[in-house]
Amino acid sequence: MSAYNSYLKADVLHSLQEPVTDTEGERSFLVVCQVQELYFCLITTELRFAAQHLRAGETPDAAAALRRAADHFVGLNASWKSLEWMTVGDFLPIKAGLGSTHGKSSSLQSWKYRELVFLLGIRPPELAEPVSSMPDEHSSLLTTLREPSVYDEILALMGRRGLSIPDAVLGRDPAAQHEPHPDVARAWTTVFYGGDPELVDLRFCGEALMHVAEGYAEYKHLHLVATRRSFGHRPGYYGTSGLGWLAETVTEVPFPELWSMEPEHP
């Protein structure tokens, strides 16, 4: 085997698709879902790198990792284009095949996606429950939930750098949802518009965080649109429609104070 194929494990990669129907479009659905899982893993890896660098005060490396995460969202979101052909009539046979072969299954069960969400600082604890049947993954998710998010890490760094971050924010239980605080918005305003050259590196990190948040928001929107087209308002497995659940979460905004800065007007 060539070095290229050996490095990629291409023989393994192309053996991982096991369709559950004879529907021609199923391979598209299966491969896109697998590609998205790989992107979830890429993004979580970069967010963990960013958090580590922020903890160490290495802001250039943190900004680079966040930029890579934002770029991965571009690839992730582009993958939805491969499913624009899918309508309800195309998807329902695949869903039925999944149910008969693997039991109740939903993309909402992706544990790696939930890890990504926790790392962004969006932390409803019930988000881990749908994967409770996977003990190792569930345990890993709960561990992530109890650790500081990438946003917690940059706020802690801002506090160490002398910016006024309230003790209530810095001392918050990491497992609790971060609530927007006006003092944090003022600190970000200082970073972005205060003119202090010593804070430029924090601004670069803040700008990179905004790109990550925009990529996440686009993913949520594209997922909602794809679900509306291919599944509609049909009931899901968890007491609500998949469309309803997505519609409720599509307005989630990571790093909220970055969107509520109030620079002084001249």
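Source: prediction; values computed, not measured. (Residues numbered from 1 in each chain as written. Predicted model: local features only at pLDDT ≥ 70, side-chain atom pairs only at ≥ 80, totals over all residues. Heavy atoms only, no water.)

Draft legend 1. Helix α7 (residues 135–146), seen in detail. With twelve residues, α7 extends 17 Å between its outermost C-alpha atoms, agreeing within 8% with the 16 Å of an ideal straight helix rising 1.5 Å per residue. What α7 keeps buried is the set H138, L141, T144 and L145. Buried residues in α7, looked at end-on, bunch into an arc of 120°, giving them a common side. Turned more than 90 degrees away from the buried face of α7, the exposed residues are P135, D136 and R146. Considering only its buried residues, α7 is in contact with α3 (26–55) and α6 (111–120). (Helix = DSSP H or I, 4+ residues; strand = E, 2+ residues; numbered from the N terminus. Expected span 1.5 Å × (residues − 1). Buried < 20%, exposed > 50% of the residue type's maximum accessible area, 1.4 Å probe, protein only. Arc of directions from axis to C-beta. Contact = heavy atoms within 4.5 Å.)

Draft legend 2. Quick peek at helix α5 (residues 88–102). Compared with the 21 Å implied by 1.5 Å per residue over 15 residues, the 20 Å span of α5 between its first and last C-alpha is a close match. Taken together, the buried positions of α5 are occupied by F91, I94 and G97. The arc enclosing the buried residues of α5, seen along the axis, measures out at 125°, which places them on a common side. For α5, the exposed residues lying more than 90 degrees away from the buried face are G89 and S100. Where the residues of α5 are buried, they touch α3 and α11 (200–230).

Draft legend 3. Highlighting the pattern of salt bridges. Per the stated rule, a full pass over the model turns up eleven salt bridges. Here R48 and E115 are joined by a salt bridge, their closest N and O atoms 2.6 Å apart. Taken together, the residues span a long stretch of sequence, with R48 in helix α3 and E115 in helix α6 at a distance of 67 residues. In this structure, E84 engages K81 in a salt bridge whose closest nitrogen and oxygen atoms are separated by 3.3 Å. Residue class for E84 comes out partly exposed when judged on its relative accessible area of 45%. One connected set of salt bridges, linked through shared partners, spans R48, K112, E115 and E147. (Salt bridge = Lys/Arg side-chain N within 4 Å of Asp/Glu carboxyl O.)

Draft legend 4. The nonpolar core, seen in detail. In this structure, L47, M158, W188, L209, V212 and F255 are the most contacted members of the largest nonpolar core, which totals 61 residues. For this core, the secondary-structure elements that each account for two or more residues are α3, α4 (59–78), α5, α6, α7, α8 (150–160), α10 (182–193) and α11. Ranked by residue count, the leading element in this core is α11, at ten residues. In this view, L209 contacts L66, V150, Y151, I154, W188, F255 and L258; residues no more than four positions away in its chain are not counted. (Core = buried A, V, L, I, M, F, W, Y, C linked by side-chain atoms within 4.5 Å.)

Draft legend 5. Seen up close, the packing of aromatic side chains. Taken as a whole and assessed by the stated rule, the structure comprises eight aromatic pairs. Aromatic side chains F40 and Y219 sit 5.7 Å apart centroid to centroid with 85° between the ring planes, which places their arrangement in the edge-to-face category. With F40 in helix α3 and Y219 in helix α11, the pair connects residues that are 179 residues apart, well separated along the chain. Of the two residues, F40 and Y219, neither departs from the other in class, the shared state being buried. Ring centres of W80 and Y219 lie 5.8 Å apart, and the angle between their planes is 40°; this geometry places the pair in the tilted category. Placement of the pair is W80 in the loop between α4 and α5 and Y219 in helix α11, with a sequence separation of 139 residues. Owing to a relative accessible area of 4%, Y219 belongs among the buried residues under this scheme. One aromatic cluster in this structure is built from F40, W80, Y113 and Y219. Across from the ring centre of Y193, 6.0 Å away, lies the NZ or CZ of R203, which sits over that ring. (Phe/Tyr/Trp six-rings, centres within 6.5 Å; stacked < 30°, edge-to-face > 60°. Lys NZ or Arg CZ within 6 Å of the ring centre and 35° of its normal.)

Draft legend 6. Structural context of unusual backbone geometry. Unusually for a residue other than glycine, K9 sits at a positive phi of about 55°. Summarising the element assignment, K9 is placed in the loop between α1 (3–8) and α2 (10–13).

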